[in-house]
Amino acid sequence: MAAVARAALLDMVRRRDLAVAGLFLLALLAFLAAARAAGIEHPAPGTFLLNMALDLVAMLAQLMTLALAARQFPEEMENRTLYPLLARPVRRGEVVAGKWAACAVAGISLHAAMVSAVLALAPRLEFYDGGTGLQAIFLQGFALATVAAWSMALSLGLPKGPALLIAAILVFGAGPLARLAGGGWLGRWVPDLTRLNLTLRYTDGIGPLPAGDFALLALGALMWAGLGLAAGMHLFKGKNL
């Protein structure tokens, strides 16, 4: 599993998959630096910029993780580069787990780097609780692991285009879908990743979540990530390669 994950990460670096995210980050940082140089005197605009920047980098990290995970198996099967790996004494479940780990690590690392850069440049004219900020970063890591698992599972069960579309709907549209479903059982069980976004809580200066609430959110995300990973393993084991 570790070897598969390392190879997948090296392939991402070789193909410069994260270059798009880097360009976006540079543009965002240039904007924040210009706003800071212009001199923001009131807390409200500074808080708005910080909130916007943190939400944008979280969305970009999720989008990049989704795209990276969705293309792992379809491209390798199309290019037939997966077959030499499967000829070795390695279980298919280990291949899925290794590639999922690589996509999750890439997304989490990208998010952490972008958040660090934003916090260094964004105007901070109000009190923001550091504990809430740490919780927000950790929960976003669980969210990215869930995105990687379900995007990969969908790519193993559907063609690449529909898999990307459905994964994007689940990641970015689960909240509205849950609200449309109302208070029924479906609305409660939809994996709404917006629940893991504490950006607004952080920029409003609110303290950290209670330990029990934080643990429940983390465990819920781990449950969904585990289900997605199990689905991906099941689908890959059933493929006739």
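This one's a predicted model, so the numbers in the text were calculated from it and none came from an experiment. (Residues numbered from 1 in each chain as written. Predicted model: local features only at pLDDT ≥ 70, side-chain atom pairs only at ≥ 80, totals over all residues. Heavy atoms only, no water.)

A. Inspection of a nonpolar patch on the surface at higher detail. On the surface, a nonpolar cluster with roughly 620 Å² of combined accessible area is contributed by Leu158, Leu165, Ile166, Ile169, Leu170, Leu177 and Leu180. Mapped onto the fold, Leu170 is located in helix 7 (residues 160-181). (Patch = residues over 30% accessible without salt bridge, like charges linked within 9 Å, V, L, I, M, F, W, Y side chains within 5 Å. Areas by Shrake-Rupley, 256 points an atom, 1.4 Å probe, with all protein chains shown as cover. Salt bridge = Lys/Arg side-chain N within 4 Å of Asp/Glu carboxyl O. Helix = DSSP H or I, 4+ residues; strand = E, 2+ residues; numbered from the N terminus.)

B. Molecular detail of the layout of surface pockets. As a volume, the largest pocket reaches approximately 350 Å³. Taken together, 16 residues form the lining of the largest pocket, with Ala7, Asp11, Glu76, Thr81 and Lys99 sitting closest to its centre. Those elements that place two or more of their residues in the lining of the largest pocket are helix 1 (2-14), helix 3 (43-79) and helix 4 (83-86). A breakdown of the residues in the lining of the largest pocket according to their chemical character gives 6 nonpolar, 3 polar and 7 charged. (1 Å grid on protein atoms, 1.4 Å probe; cavity = no way out; pocket = protein on both sides within 12 Å on 5 of 7 lines; lining within 4 Å. Points joined across faces, edges and corners; volume = space filled by probe spheres on them. Nonpolar A, V, L, I, M, F, W, Y, C, P; charged D, E, K, R; others polar.)

C. Local environment of the packing of helix 6 (residues 130-157) against helix 10 (residues 211-237). One way to put it is that helix 6 packs onto helix 10 with a least axis distance of 8 Å and a crossing angle of 20°. Considering the angle they form, helix 6 stands roughly parallel to helix 10. Where helix 6 crosses over helix 10, the two elements pack in a sense that is left-handed. Broken down by class, the residue content of the contact of helix 6 with helix 10 amounts to 20 nonpolar, 5 polar and no charged. (Axes fitted to C-alpha atoms, helices over the stretch in contact; angles between N-to-C directions. Parallel < 35°, antiparallel > 145°, perpendicular 65-115°, else oblique. Left-handed = near helix turned anticlockwise from the far one by under 90°.)

D. Layout of the side chain of Thr146. As for its placement among the helices and strands, Thr146 is situated in helix 6. Here Thr146 falls in the buried class, since its relative accessible area comes to 4%. (Buried < 20%, exposed > 50% of the residue type's maximum accessible area, 1.4 Å probe, protein only.)

E. Structural context of the pattern of salt bridges. Applying the stated criterion across every chain yields a total of 7 salt bridges. The residue Lys99 makes a salt bridge to Glu76 at a minimum N-O spacing of 2.5 Å. Note that Lys99 is positioned in helix 5 (residues 92-121) and Glu76 in helix 3, a separation of 23 residues in sequence. Here Lys99 and Glu76 have matching classes, each one buried. Arg91 is the partner of Glu94 in a salt bridge, and the nearest nitrogen-oxygen pair spans 3.0 Å. For Glu94, a relative accessible area of 25% corresponds to the partly exposed category. A relative accessible area of 59% places Arg91 in the exposed class.

F. Geometry of the side chain of Gln62. Relative to the helices and strands, Gln62 resides in helix 3. With sequence-adjacent residues up to four places away left out, Gln62 is seen in contact with Gln140, Ala143, Leu144, Val147, Val171 and Phe172. (Contact = heavy atoms within 4.5 Å.)

G. Molecular detail of the nonpolar core. One finds Phe73, Leu82, Trp100, Cys103, Met152 and Phe236 to be the most contacted residues of the largest nonpolar core, which totals 24 residues. Mapped by element, the contributors of at least two residues to this core are helix 1, helix 3, helix 5, helix 6 and helix 10. The element that contributes the greatest number of residues to this core is helix 5, accounting for 8 residues. Counting 23 residues, the second-largest nonpolar core is a separate cluster that includes Ala21, Leu50, Met114 and Tyr202. (Core = buried A, V, L, I, M, F, W, Y, C linked by side-chain atoms within 4.5 Å.)

H. Quick look at helix 1. The end-to-end C-alpha separation of helix 1 is 18 Å, in line with the 18 Å expected for 13 residues at 1.5 Å each. Regarding helix 1, the residues found buried are Val4, Ala5, Ala8 and Met12. Here the buried residues of helix 1 occupy an arc of 100° about the axis, which is enough to place them on one side. With respect to the buried face of helix 1, the exposed residues turned more than 90 degrees away are Ala2, Arg6, Leu10, Val13 and Arg14. Considering only its buried residues, helix 1 is in contact with helix 3, helix 4 and helix 5. Among the residues trailing helix 1, Arg16 stands out with phi positive, at a value near 55°. (Expected span 1.5 Å × (residues − 1). Arc of directions from axis to C-beta.)

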